[in-house]
Amino acid sequence: MINRRWLAGLLSGAVMALTALPALAQEVTLKLHQFLPAQANVPKLILDVWADKVEADSDGRIRIDRYPSMQLGGTPPQLMDQVADGVADIVWTVAGYTPGRFPSTEVFELPFMISDARAASSAYWQMYESRMQDEFADVKVLGTWVHGPGVIHASKQIRTPADMQGLKIRGATRQVNTLLETLGATPVGMPVPSIPEALSKGVIDGTTIPWEVTGALKVPELVNYHTEFEGRMLYDVTFVLAMNKARYQSLPDDLKKVIDDNSGLEFSIFAGGTQADSDGPARQAAVDNGNQIVTLSEAEAQAWVLASQPVYDAWIAEMEAKGIDGQALIDEARRLMDEYEG
């Protein structure tokens, strides 16, 4: 006859062993959702590199399934809600796709504020840590960065602010749209994936995007003219890589460390720099296509700088109404960028 006490002890030990195993070798699958095609530069050169590194550093215990082009459903402006609600575990998106939700990030979208994407991405992360965590309280932020110089791609040549009068130009965010309106254009807000159809159907006369994404969207085949600026950038856009907080907290400490070690300041600088470095090949594709590129010198850009000053005045007043010291954000961002560059 089997000794019941011995059998109970055996079963108890087996249960303890089984429950201990997952804690030692827990495997996790995370869903990463974003709006660009898989072959675009950001997924290919930044998000996949980050995800592959996380998988490798976890010895395969973390698997990251990638869902480009909004394959999990919804629209790009819904991505932050999706990660906050757990529809996706991780998202990459434009902070400004949800206007007013992350007001402090707009300091990096002000016209002629930024001259270097790495410097701005470094400042953005530092200011996220010191000033913006309350705005992102419902997610775990993994990286913050900006792209390279914002460029105007249009159906006509643009050299002066007066050339913008009456044109319907796509803008990525509230601040970019404010700039376009201030310059005399009619801003049309839409996410990046909507640009090719809008250009081909004449819904817009042009678009503001950095060079690096023009290839994936075939913009050089849809417009013939491009206007870029030497020195400080006409505009920029802020990005965020964010994770569901509960999903992050559910990870064992060693896997949290893998996520943390691959996130933060250095990753943000890498992401912004990589995106800016991808501008060159895309620009060359437009040259090879026979398109006309207008490059405005810093002296020629002064008319644009003066014309865009009301954007600063309006933004500082709006921030003050929200209880945010906009001028202090501008001053700190400039100081941190200068320190990085100098």
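Our subject is the structure listed above.
Quantities reported herein were computed from a predicted structural model and do not represent experimental measurements.

Participant: An account of the sheet that holds strand β7 (residues 186–189) is requested, with residue identities and associated values reported.
Facilitator: Taken in spatial order, the six strands line up as β7-β6-β8-β5-β9-β11 in an open sheet, and their pairing is mixed. The open sheet is flanked by β7 and β11 (292–296), the only strands paired with a single partner. Strand after strand, the sheet turns through a mean of 30° between neighbouring axes, direction not considered. One ladder, built from five bridges, connects strand β5 (residues 150–154) with strand β8 (residues 206–210); its direction is antiparallel. Looking at β8, one finds that Ala154 is bridged to Gly206. Packed onto the sheet, helix α12 (residues 298–307) meets β5, β9 (225–229) and β11 and runs at close to 85° relative to β11.

Participant: Account for empty space enclosed by the protein, with residues named and values stated.
Facilitator: Evaluation of the coordinates by the stated rule reveals two cavities of 30 Å³ or more. In this model, the largest cavity occupies a volume close to 130 Å³. What lines the largest cavity is a set of 19 residues, and nearest its centre among them are His147, Val192, Ile209, Pro210 and Phe239. Among the elements of the structure, β3 (90–94) and β8 are those that each provide at least two residues to the lining of the largest cavity. For the lining of the largest cavity, the element with the highest residue contribution is β8, accounting for three residues. Residues belonging to the lining of the largest cavity are distributed by class as follows: 14 nonpolar, three polar and two charged. A volume near 40 Å³ is recorded for the second largest cavity.

Participant: Help me get a handle on the packing of aromatic side chains, residues and values and all.
Facilitator: Inspection of the entire model under this criterion finds 13 aromatic pairs. Taking 4.2 Å as the distance between ring centres and 10° as the angle between the ring planes, the aromatic pair formed by Phe102 and Phe136 counts as stacked. Of the two residues, Phe102 is situated in the loop between β3 and α4 (117–132) and Phe136 in the loop between α4 and β4 (139–146); the sequence distance between them amounts to 34 residues. Relative to Tyr124, the ring of Phe108 has its centre 5.4 Å away and its plane inclined at 40°; by these criteria the two rings are tilted. Taken together, the residues Phe108 in the loop between β3 and α4 and Tyr124 in helix α4 connect sequence positions 16 residues apart. For the pair formed by Phe108 and Tyr124, the shared burial category is buried. One aromatic cluster is present, formed by Phe35, Trp50, Trp92, Tyr97, Trp145, Phe239, Phe267 and Phe270 through successive ring pairs. It is Lys140 that lies over the ring of Tyr248; its NZ or CZ is 4.4 Å from the centre. One residue, Lys256, lies across the ring of Tyr248, its end atom 5.9 Å from the ring centre.

What counts and what doesn't
Residues numbered from 1 in each chain as written. Predicted model: local features only at pLDDT ≥ 70, side-chain atom pairs only at ≥ 80, totals over all residues. Heavy atoms only, no water. Pairing = 2+ DSSP bridges. Helix = DSSP H or I, 4+ residues; strand = E, 2+ residues; numbered from the N terminus. Axes fitted to C-alpha atoms, helices over the stretch in contact; angles between N-to-C directions. Contact = heavy atoms within 4.5 Å. 1 Å grid on protein atoms, 1.4 Å probe; cavity = no way out; pocket = protein on both sides within 12 Å on 5 of 7 lines; lining within 4 Å. Points joined across faces, edges and corners; volume = space filled by probe spheres on them. Nonpolar A, V, L, I, M, F, W, Y, C, P; charged D, E, K, R; others polar. Phe/Tyr/Trp six-rings, centres within 6.5 Å; stacked < 30°, edge-to-face > 60°. Buried < 20%, exposed > 50% of the residue type's maximum accessible area, 1.4 Å probe, protein only. Lys NZ or Arg CZ within 6 Å of the ring centre and 35° of its normal.

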